[in-house]
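Next come the chains, spelled out residue by residue.
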Amino acid sequence: MLYIIIGKDRQNSLADRLSVRPAHLERVQALLDEGRLIIGGPMPAIDSENPGEAGFLGSVIIAEFASLEAATAWAEADPYTVTGVFETLEVHPYKQVLP
């Protein structure tokens, strides 16, 4: 089943986000390589693809996992969560209708 993972960044997290980004992307790449990633990416804090020092509000991932527990465990082990970049984390079942 698909699950949506929404991590919201804490204030002033940009430096920490950038420092652990390679480890985060490595984990997301593994989902892609396994054919489980539907979409993933950050939410810029301003209306710009490159928000610079404004940073990001958080990130969204939609991917396939065996269960809600598995999706939650994956999200909780992500470098953005472990290092405190994410202030809040939500994991929910997701039903893709379109496309």
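These notes cover the structure that comes with them. (Residues numbered from 1 in each chain as written. Predicted model: local features only at pLDDT ≥ 70, side-chain atom pairs only at ≥ 80, totals over all residues. Heavy atoms only, no water.)

Observations concerning the packing of aromatic side chains
Heads up, the rule is: Here the aromatic set is Phe, Tyr and Trp, taking the six-membered ring for Trp, and pairing holds for ring centres within 6.5 Å; pairs whose planes are under 30 degrees apart are stacked, those over 60 apart are edge-to-face, and all others are tilted. Each helix corresponds to a stretch of at least 4 residues labelled H or I by DSSP, and each strand to a stretch of at least 2 residues labelled E; elements are numbered beginning at the N terminus. Classification of residues uses two cut-offs on accessible area relative to the type maximum, computed with a 1.4 Å probe and protein chains only: under 20% is buried, over 50% is exposed, and between them is partly exposed. For a lysine, the NZ atom is tested; for an arginine, the CZ atom; a charge sits over a ring if that atom is within 6 Å of the ring centre and within 35 degrees of the ring normal.
Tallied over the entire structure, the rule returns 3 aromatic pairs. On the basis of an interplanar angle of 65° and a centroid distance of 6.5 Å, the ring pair of tyrosine 3 and phenylalanine 65 is categorised as edge-to-face. In this pair, tyrosine 3 sits in strand β1 (residues 2-9) while phenylalanine 65 sits in the loop between β3 (56-64) and α2 (68-76), placing the two residues 62 residues apart along the sequence. The same class applies to tyrosine 3 as to phenylalanine 65, namely buried. Here the aromatic rings of tyrosine 80 and phenylalanine 86 are separated by 5.5 Å at their centres, their planes lie at 75°, and the arrangement is edge-to-face. Neither residue differs from the other here; tyrosine 80 and phenylalanine 86 are each classed as buried. Ring pairing ties together the aromatic residues Tyr3, Phe65 and Trp74, which thus form one cluster. Between the NZ or CZ atom of arginine 27 and the centre of the ring of tryptophan 74, over which it lies, the distance is 4.3 Å. Lying across the ring of phenylalanine 65, arginine 36 places its NZ or CZ 4.8 Å from the centre.

Some details on the sheet that holds β3
Operational definition: Two strands qualify as a pair provided DSSP detects at least 2 bridges between them. Axis definition: a line fitted to C-alpha atoms, limited for helices to the stretch in contact. Angles are taken between N-to-C directions and run from 0 to 180 degrees. Any two residues whose heavy atoms approach within 4.5 Å are treated as being in contact.
As summarised here, the arrangement of the 4 strands in space is β2-β3-β1-β4, forming an open sheet in which the pairing is antiparallel. Among the strands making up the open sheet, the edge pair consists of β2 (37-44) and β4 (86-94). Pairs of neighbouring strands in the sheet enclose a mean axial angle of 10°, with direction left out of account. As defined by bridge partners, β1 adjoins β3 across 7 bridges and the pair is classed as antiparallel. Bridge assignment links glycine 7 to a residue of β3, and that residue is serine 59. Of the strands in this sheet, β1, β2, β3 and β4 are in contact with helix α1 (residues 14-33), which crosses β3 at around 10°.

With respect to the pairing of β3
Sheet topology places β2 next to β3; 7 bridges connect them, and they run antiparallel. Across the sheet, residue isoleucine 39 finds its bridge partner in β3, namely isoleucine 62.

Points about the side chain of histidine 24
Secondary-structure assignment places histidine 24 in helix α1. Setting aside anything within four residues of it in sequence, one finds histidine 24 in contact with Ile61, Asp78, Pro79 and Tyr80.

A short note on the nonpolar core
This is how it is decided: To qualify as a nonpolar core, a set must consist of buried Ala, Val, Leu, Ile, Met, Phe, Trp, Tyr and Cys residues joined through side-chain atoms within 4.5 Å.
Membership of the largest hydrophobic core is limited to 12 residues, which are Tyr3, Ile5, Val28, Leu31, Leu37, Ile61, Ala63, Phe65, Ala71, Trp74, Ala75 and Val91. Of all elements in the fold, only β1, α1, β3 and α2 reach the threshold of two or more residues within this core. Examining the composition of this core, we find that 3 residues originate from one element, α2, more than from any other.

Let's talk about the environment of aspartate 9
Worth spelling out the cut-off: In protein, a polar contact requires one atom able to donate a hydrogen and another able to accept it; more generally it is a pair of N or O atoms within 3.5 Å, and residues adjacent in sequence count only if both atoms are side-chain atoms.
One can find aspartate 9 in strand β1. Remark: the alpha-carbon pair of aspartate 9 and phenylalanine 86, spanning 77 residues in sequence, is separated by 4.2 Å. Each residue touching aspartate 9, except ones within four places of it in the same chain, is listed here: Arg17, Phe56, Leu57, Gly58, Val85, Phe86 and Glu87. Within the structure, aspartate 9 has its side chain in polar contact with the side chain of serine 13 (distance 3.2 Å). Within the structure, aspartate 9 has its side chain in polar contact with the side chain of arginine 17 (distance 2.8 Å).

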